[in-house]
Amino acid sequence: MRIGIMLFDGVEELDAVGPWEVLASWAQQCPGEAEIVTFGRAAGPVRAAKGLRLFAEHDLSDVGPLDVLLHPGGMGTRTLLTDEAHVAWVREQRARVPLMTSVCTGSLVYAAAGLLAGRPATTHWGALDLLGELDPTIEVRPGDRFVDDGDMVTSSGVSAGIDMALHLVARLAGVDRARQVRRYIQYDPQPPI
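Let me sum up the structure you'll find in this document.

Conventions adopted
Residues numbered from 1 in each chain as written. Predicted model: local features only at pLDDT ≥ 70, side-chain atom pairs only at ≥ 80, totals over all residues. Heavy atoms only, no water. Axes fitted to C-alpha atoms, helices over the stretch in contact; angles between N-to-C directions. Helix = DSSP H or I, 4+ residues; strand = E, 2+ residues; numbered from the N terminus. Parallel < 35°, antiparallel > 145°, perpendicular 65-115°, else oblique. Left-handed = near helix turned anticlockwise from the far one by under 90°. Contact = heavy atoms within 4.5 Å. Core = buried A, V, L, I, M, F, W, Y, C linked by side-chain atoms within 4.5 Å. Buried < 20%, exposed > 50% of the residue type's maximum accessible area, 1.4 Å probe, protein only. Patch = residues over 30% accessible without salt bridge, like charges linked within 9 Å, V, L, I, M, F, W, Y side chains within 5 Å. Areas by Shrake-Rupley, 256 points an atom, 1.4 Å probe, with all protein chains shown as cover. Salt bridge = Lys/Arg side-chain N within 4 Å of Asp/Glu carboxyl O.

**Digging into the packing of helix 1 (residues 13–29) against helix 6 (residues 160–173)**
Packing of helix 1 against helix 6 leaves a shortest axis separation of 8 Å and a crossing angle of 30°. Taken together, helix 1 and helix 6 sit at an angle that is classed as roughly parallel. Handedness of the crossing formed by helix 1 with helix 6: right-handed. Of helix 6, the residues touching helix 1 (which contributes L14, G18, P19, V22, L23 and W26) are G161, I162, A165, L166, V169, L172 and A173.

Structural data, given as structure tokens:
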């Protein structure tokens, strides 16, 4: 199982790093079950939304085949929505990648590419209206942490990407494996306030 996480300038840190932690913990604990890679338009450093520097291991031309593509969100997606080359690349991936996933406003990019037409989806609460404006045929689900619609999984904002990634582990490797990963990362959400 080869899973690629897209990185770009302005990516929301936890949108990428939260799922990466879950998925990389799975790969580390269960060698041979999954490989997690990061990639971007170009290989190298990426400046995330709040200033954290992340590193894309691969560029678009050498990332290789993926079983799962995860497109995070963040303010950087606003530029990507109108970047014809990026939207075309996303459309091309739909034909190649069996499972497309997004966190937060990553779903806006999928909507701009026409991938969510007539499907249920979610995004960050602050972008729900925009998701519906980009494609009025989308069944916007404001109350869902994530929406699994078979070959397309979208999640709401930021920390919801962790929930979605655990769901992916359960879907791809079983509930017991997902519980093992959840315990390892000591993820037991009970907000203190």
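**With respect to the nonpolar core**
Counting residues in each nonpolar core, the largest one holds 57 residues, and the members touching the most others are W26, L69, V90, M100, Y110 and L116. When residues of this core are assigned to their parent elements, the largest contribution, 6 residues, is made by helix 6.

**Brief notes about unusual backbone geometry**
If you check the backbone angles, C104 has positive phi at about 60° while not being a glycine. Mapped onto the elements of the fold, C104 is located in the loop between strand 7 (99–103) and helix 4 (106–112). Of note, the phi angle at Q186 is positive, near 50°, even though the residue is not glycine. Relative to the elements of secondary structure, Q186 occurs in the segment after helix 7 (175–184).

**Quick notes on a nonpolar patch on the surface**
On the surface, V17, W20 and L52 cluster together into a nonpolar patch covering about 250 Å² of accessible area. As for its placement among the helices and strands, V17 is situated in helix 1.

**Observations regarding the pattern of salt bridges**
The full count for this structure, using the stated rule, is 12 salt bridges. In this structure, R41 engages D83 in a salt bridge whose closest nitrogen and oxygen atoms are separated by 2.6 Å. With a gap of 42 residues between them, R41 in the loop between strand 2 (35–40) and strand 3 (44–47) and D83 in the loop between helix 2 (77–80) and helix 3 (84–96) connect regions that are remote in the sequence. Given the relative accessible area of 17%, D83 is considered buried. Residues R141 and D144 are paired through a salt bridge, measuring 3.8 Å at the closest nitrogen-oxygen approach. Residue R141 is classed as partly exposed on the basis of its relative accessible area, which comes to 29%.

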